[in-house]
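Working through the structure, step by step
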Amino acid sequence: MAKKAAPAAKASGKLQFHSWIETFDFGKELKVKSEITGYVYFLGVDDSAKFASLVGEHALEWQAKSLKQSEKEVVSFVGAQGPVWILRPRKKATAGHDGLIDEAAYTWARDQFGSLVNQFKAQQLKAVQIELHGTEGVQDLGALTGMDVAAYSYRQFVDGKQLADLPKVALKKSLGAWDKAVVKDAMLRARAVNVARHMVNL
């Protein structure tokens, strides 16, 4: 009886984790036709005009007024072109201890973008356009790391189907320079976390 072929992830005898963010198109706009597309905007600066502009661009007429008045850090809705998420971290009062226990910008971005991945899957999105507007390098790092960590699935790894249910992504940055080294750093951080998670699952 012929032996069953090993899953692609184990074919070389080593754990081969595929990075989702490595497949992103950086600095580009999505070119999709008739595909379910989501839109994510990360506003690193308090830009009320930009927020209002994004709501006006995507929201249906009956949604726009209430959305523009929202004070939430994460505003999400299904607009005229598809699901939309607008993330805008707000400055908070310090928790004390000279700010040592305050939530870090990296952590906030990592957790928020990590949580978006399951929403992409639930919406069965085929493509996502992400715009980082005025974000700092540490926020970019958190966002990318969070998405790459969240992309891991033990079942998919074992079956050799890594990243199979994730959308294609185009990411661009406005109002600020893009540091290519951030991508590599995010990949390394996510891989370290996911290797540890995988070993626990074995």
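Residues numbered from 1 in each chain as written. Predicted model: local features only at pLDDT ≥ 70, side-chain atom pairs only at ≥ 80, totals over all residues. Heavy atoms only, no water.

1. As for the pairing of strand 4 (residues 83-87)
By the criterion of burial, strand 4 is predominantly enclosed, with 5 of the 5 residues buried. Of the two faces of strand 4, the one lined by Pro-83, Trp-85 and Leu-87 and the one lined by Val-84 and Ile-86 are each fully buried. Pairing of strand 2 (residues 37-43) with strand 4 involves 4 bridges; the strand directions are parallel. Within strand 4, the residue paired with Tyr-39 across the bridge is Val-84. Sheet topology places strand 3 (residues 74-78) next to strand 4; 5 bridges connect them, and they run antiparallel. Residue pairing across strands places Val-78 opposite Pro-83, the latter belonging to strand 4. The hairpin turn running from strand 3 into strand 4, its antiparallel successor, is 4 residues long, and Gly-82 in that turn takes a positive phi close to 140°. (Buried < 20%, exposed > 50% of the residue type's maximum accessible area, 1.4 Å probe, protein only. Helix = DSSP H or I, 4+ residues; strand = E, 2+ residues; numbered from the N terminus. Pairing = 2+ DSSP bridges.)

2. Some words on the sheet that holds strand 4
In sheet architecture, strand pairing relies on hydrogen bonds along the backbone and comes in two forms, parallel and antiparallel. A sheet is described by the order of its strands in space; here 6 strands give the open sequence 1-6-5-2-4-3, paired in mixed fashion. On the outer flanks of this sheet lie strand 1 (25-26) and strand 3, each paired with one strand and no other. Pairing analysis gives 7 bridges linking strand 2 to strand 5 (residues 127-133), with the strands arranged parallel. Bridged to Tyr-41 within strand 5 is Glu-131. Contacts from helix 1 (residues 48-58) reach strand 2, strand 3, strand 4 and strand 5 within the one sheet, and its direction differs from that of strand 2 by about 170°. (Contact = heavy atoms within 4.5 Å. Axes fitted to C-alpha atoms, helices over the stretch in contact; angles between N-to-C directions.)

3. Looking at empty space enclosed by the protein
In this structure the tally under the stated criterion is 1 cavity of 30 Å³ or more. As a volume, the largest cavity reaches approximately 140 Å³. Considering the residues around the largest cavity, the lining is formed by 15 residues, among which Phe-17, His-18, Asp-148, Gln-162 and Asn-194 are closest to the centre. Counting only elements with at least two residues in the lining of the largest cavity, the list comes to helix 5 (154-159) and helix 6 (181-201). A total of 4 residues in the lining of the largest cavity trace back to one element, the largest contributor, which is helix 6. A per-class count over the lining of the largest cavity returns 7 nonpolar, 6 polar and 2 charged. (1 Å grid on protein atoms, 1.4 Å probe; cavity = no way out; pocket = protein on both sides within 12 Å on 5 of 7 lines; lining within 4 Å. Points joined across faces, edges and corners; volume = space filled by probe spheres on them. Nonpolar A, V, L, I, M, F, W, Y, C, P; charged D, E, K, R; others polar.)

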